[in-house]
Amino acid sequence: KEQEFILRHIKHIAFGTMGGLNIMQCKGPTYQSDNNLSWNAGAYAEFHFNYIHAVRISGEFISRHVAGPTQYYDVHFDESTQQNEGLVKTGLWNHQYRFGIASLDYDVNLTSLFSGHKQNRVFELEFFVGPSFVRIFNEGGKIDSSVQLDEGHQVYYPNLISKGNK
């Protein structure tokens, strides 16, 4: 009796992983740079009420890389004043954004809904909708290698300067 109960409920639970290279279409021009590829990875768990309806909980980590002209501080140590001196310049900056997404979704198997359930179907189309929580973990980056710096100069992203990270 206990084994029958477990089998009846366990067969409705599914787990999975996901990942790959992501493409996000953003407004604005694109720039050739030595930036890394954007990628994502995640995992999910689903409970299927039947062959059509399910509920899904998922988590995903995304690393987004994009290049663009950005103002930065070009800083060098001035021997005569014994202080750091800097200028605001514009150059190609390789941005890196890291964020996570947690979602709770209602899932509909459209293939089973419109054409019936088949046990060994290779491809199924699913639609899911629900609330998501997005958390940006950090924004970082570096100046592109195409930007030539004078010897002894360092660059700082402006938002790092404003936070006191000189």
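Preceding this paragraph is the structure being described.
Heads up: these notes are all about the structure in this document. Model, not experiment: these values are computed from the prediction.

Parameters and conventions
- Residues numbered from 1 in each chain as written.
- Predicted model: local features only at pLDDT ≥ 70, side-chain atom pairs only at ≥ 80, totals over all residues.
- Heavy atoms only, no water.
- Helix = DSSP H or I, 4+ residues; strand = E, 2+ residues; numbered from the N terminus.
- Buried < 20%, exposed > 50% of the residue type's maximum accessible area, 1.4 Å probe, protein only.
- Areas by Shrake-Rupley, 256 points an atom, 1.4 Å probe, with all protein chains shown as cover.
- Core = buried A, V, L, I, M, F, W, Y, C linked by side-chain atoms within 4.5 Å.
- Contact = heavy atoms within 4.5 Å.
- 1 Å grid on protein atoms, 1.4 Å probe; cavity = no way out; pocket = protein on both sides within 12 Å on 5 of 7 lines; lining within 4 Å.
- Points joined across faces, edges and corners; volume = space filled by probe spheres on them.
- Salt bridge = Lys/Arg side-chain N within 4 Å of Asp/Glu carboxyl O.
- Pairing = 2+ DSSP bridges.

## Re the overall build of the protein chain
Helices and strands together make up the secondary structure of the protein chain, namely 3 helices and 7 strands. Mapped in sequence order, the helices and strands of the protein chain form the string α-β-β-β-β-α-β-β-β-α. Taken over 166 residues, the protein chain has a buried fraction of 25%. A total accessible area of about 12100 Å² is found for the protein chain, and carbon and sulfur atoms account for 58% of it.

## A look at the nonpolar core
Judged by nonpolar contacts, A67, Y72, L92, W93, I143, V147 and Y157 together constitute the single largest core of 7 residues. Sorting the residues of this core by element identifies strand 3 (53–78) and strand 4 (83–109) as the ones contributing at least two each. Ignoring any residue separated from it by four or fewer positions in sequence, one finds Y157 in contact with T70, W93, H95 and E139.

## Let's talk about empty space enclosed by the protein
Per the stated rule, a full pass over the model turns up 1 cavity of 30 Å³ or more. Approximately 30 Å³ is the volume attributed to the largest cavity. Lining the largest cavity, in full, are H48, Y51, I52, H53, A54, D107, V108, N109 and E126. Every element with two or more residues in the lining of the largest cavity is listed here: strand 3 and strand 4. The greatest single-element share of the lining of the largest cavity, amounting to 3 residues, is contributed by strand 4.

## So, the pattern of salt bridges
Note that side chains of opposite charge can pair when their charged atoms are close. This structure, assessed with the given rule, holds 5 salt bridges. Here R56 ties to D107 by a salt bridge, and the two come within 3.5 Å at their closest N and O atoms. With R56 in strand 3 and D107 in strand 4, this residue pair connects regions lying 51 residues apart in the sequence. An identical accessibility class is assigned to R56 and D107; each is buried. Put simply, D74 and K89 hold a salt bridge, and the shortest N to O gap is 2.9 Å.

## A closer look at the pairing of strand 3
Bridge count for strand 2 (residues 39–48) against strand 3 is 10 bridges, and the pairing is antiparallel. Bridge pairing links A45 to I57 in strand 3. Linkage of strand 2 to strand 3, two consecutive antiparallel strands, is achieved through a turn of 4 residues. Where strand 3 and strand 4 come together, 26 bridges link them in antiparallel fashion. Along strand 4, the bridge assignment pairs V55 with Y106. Between strand 3 and strand 4, which pair antiparallel one after the other, the connecting turn spans 4 residues, and Q82 there sits at a positive phi close to 60 degrees. Bridging between strand 3 and strand 7 (residues 154–156) involves 3 bridges; their strand directions are antiparallel.

In short, shape yes, function no, at least from these values alone.
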